[in-house]
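Structural features, examined
Here is what each chain is made of, one letter per residue.
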Amino acid sequence: MKKTPTRLADGRELIYFDSADGTVRDAVDTRPLEATHTASEARFDPLLSEWVVVASHRQGRTYHPPADECPLCPSRDGRLSEIPDDDYEVVAFENRFPSLTGGPGPVAGEALFPRMPGAGRCEVVCFTPDHDKSFADLTEDQAALVLQAWTDRTAELGRLPGVEQVFCFENRGKEIGVTLGHPHGQIYAYPFTTPRTARMLASLQAYDGDGNLFDDLVTAELADGSRIVLDTEHWTAFVPHAAHWPYEVHLYPRRRVPDLTELDDKARAEFPAVYLELLRRFDRIFGPGEPPTPYIAAWHQSPVRAERRADFALHLELFTIRRTPGKLKYLAGSESAMDVFINDVPPEQAAERLREVASE
């Protein structure tokens, strides 16, 4: 893999990731952009012991532009985009409308109203220059390059001052809230450990079994078998026993590692085929003629500094909010107000359906 960093007209960093070492990337962003000035704030909720980010400048972000004005397509035919070159393989760049930005600052405010700068970094990762494709349409080589980009950014962003956790994810579909149709994901570098990860770490610490909580969970799912979706030499995918979402799959490497940087070569080599198969099954859940399945794909990694745990288990959670053709799972009163999920699809039934739609 070859990395080529450059700067956009307003000073934001952009990085090309290419499979061939000899690839030359020398295009210059000539758009008349002013330097970006964004600021966000993190406020602490003392009742829930979690941080909330306030980022009012994001109200003006790009919203469902037509395909011929897509800012994530290459710059071609006289139209300039966020990517200066007329083609690319995989590219990552600083978000123009970031939720988190800048360096760390002190916690201030009154006793019950702590606040600090919404420091960190938000990046966009474009998986392909083809506007009309999705991740599931990539080749295994293309998916492998995306994995390399995720790994590179996890390492680089984790070294930024004040960053505590790196989160790589993809939102797909208008139903999820995606505002740009081009196939892409994002990476957030947070100045704190996220609430979801903090809860996992607390469960890991409190576990009174003989082994590691994550290891024992995967072993128990394999022993039960009813919720297993895929089981290969280096990866295991299953619908969790207490799935929150109608169709939800957790993907674990067989050898536990805390984050993407520590995956071994064998797991890396096998990942593209496994992940692409899962995504293609998701698109077949609801039968032929149905629109592409909206989903969120989220990498869960250990924090990088104060709360880093070598016994944390890297895993990917893939889920959809569609519960049946034409119907979505909304987070209503119980879910939004009480954090108690009501799942419409039994996990065993979801797993059976995901096995039924396997590629031939």
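Our subject is the structure listed above.
Nothing here was measured: the structure is a model prediction, and the numbers come from that model.

Here we take up the sheet that holds strand β7 (residues 121–126). Taken in spatial order, the 11 strands of this open sheet run β1-β2-β5-β7-β9-β8-β13-β14-β12-β11-β10, and their pairing is antiparallel. Unpaired on one side and paired on the other, β1 (2–7) and β10 (228–231) mark the two borders of the sheet. With direction set aside, neighbouring strand axes in the sheet form an average angle of 20°. Relative to strand β13 (residues 295–300), strand β8 (residues 165–172) is paired through 4 bridges, and the arrangement is antiparallel. The partner of E170 across the bridge, within β13, is A297. Strands β8, β13 and β14 (315–320) of the sheet are contacted by helix α2 (residues 195–206), whose axis makes an angle of about 125° with β14.

Our focus in this paragraph is the sheet that holds strand β6 (residues 115–117). With respect to topology, 3 strands assemble into an open sheet ordered β4-β3-β6, the strand pairing being antiparallel. With partners counted over all chains shown, the strands left at the sheet margins are β4 (50–54) and β6, one partner each. With strand direction ignored, the average angle separating the axes of adjacent strands in the sheet is 30°. Here strand β3 (residues 41–45) runs beside β4; their pairing, made up of 5 bridges, is antiparallel. Paired with F44 across the two strands is W51, which belongs to β4.

What follows concerns the state of the cysteines. For the coordinates displayed, the defined rule picks out 0 disulfides. The structure places no disulfide on C70, whose sulfur is separated from the nearest cysteine sulfur, that of C73, by 3.8 Å. With no disulfide of its own, C168 lies 12 Å from the sulfur of C122, the closest cysteine sulfur. Residue class for C168 comes out buried when judged on its relative accessible area of 0%.

The next subject is the side chain of T154. Mapped onto the secondary structure, T154 falls in helix α1 (residues 140–158). For T154, a relative accessible area of 4% translates into the label buried. Ignoring anything within four residues of it in the chain, the contact list for T154 reads V166, C168, L260, T261 and Q301.

Let us look at a nonpolar patch on the surface. Together, M338, V340 and I342 give the surface a local cluster of nonpolar side chains, amounting to about 300 Å² of exposed area. Relative to the helices and strands, M338 is located in helix α5 (residues 333–338). Looking at M338, the relative accessible area reads 59%, which means it is exposed.

What follows deals with the environment of P183. Looking at where P183 falls in the secondary structure, it is placed in the loop between β8 and β9 (184–190). Given the relative accessible area of 6%, P183 is considered buried. C-alpha separation for the pair P183 and F135, spaced 48 residues apart in sequence, amounts to 6.6 Å.

Scanning the entire structure with this criterion turns up 32 salt bridges. Residue R322 is joined to E175 by a salt bridge in which the shortest nitrogen-to-oxygen separation is 3.3 Å. Highlighted residues: R322 in strand β15 (residues 322–324) and E175 in the loop between β8 and β9, separated in sequence by 147 residues. Looking at R322, the relative accessible area reads 3%, which means it is buried. For K329, the salt bridge identified is with E335, shortest N-O distance 2.6 Å. Accessibility classification places K329 together with E335 in one group, the buried group.

Rules of the game
Position numbers for residues count from 1 along each chain, tracking the sequence in the order it is written. This being a predicted model, a pLDDT of at least 70 is required before a residue's local features are given, and a value of 80 or more before pairs of side-chain atoms are given or counted; all residues contribute to the totals for chains, interfaces and linings. Heavy atoms from the whole structure form the basis of all side-chain values; hydrogens and water molecules are not counted. Paired strands are those between which DSSP finds at least two bridges. The secondary structure listing takes helices from DSSP runs of H or I that are at least 4 residues long and strands from runs of E that are at least 2 residues long, numbered from the N terminus. Axis angles are defined between N-to-C directions and span 0 to 180 degrees, where every axis is a line fitted to C-alpha atoms and, for a helix, only to the segment in contact. Should any heavy atoms of two residues lie within 4.5 Å, those residues are counted as being in contact. Counting rule for disulfides: a pair of cysteine sulfur atoms within 2.5 Å. Each residue is placed in one exposure class: buried if its accessible area under a 1.4 Å probe, protein chains only, is under 20% of its type's maximum, exposed if it is over 50%, and partly exposed if it falls in between. Patch membership needs two things, relative accessible area over 30% and no salt bridge, and members are linked within 9 Å if like-charged or within 5 Å if nonpolar (Val, Leu, Ile, Met, Phe, Trp, Tyr). Residue-level accessible areas treat just the shown protein chains as cover; the underlying method is Shrake-Rupley with a 1.4 Å probe. Salt bridge, as used here, is a side-chain nitrogen of Lys or Arg placed within 4 Å of a carboxyl oxygen of Asp or Glu.

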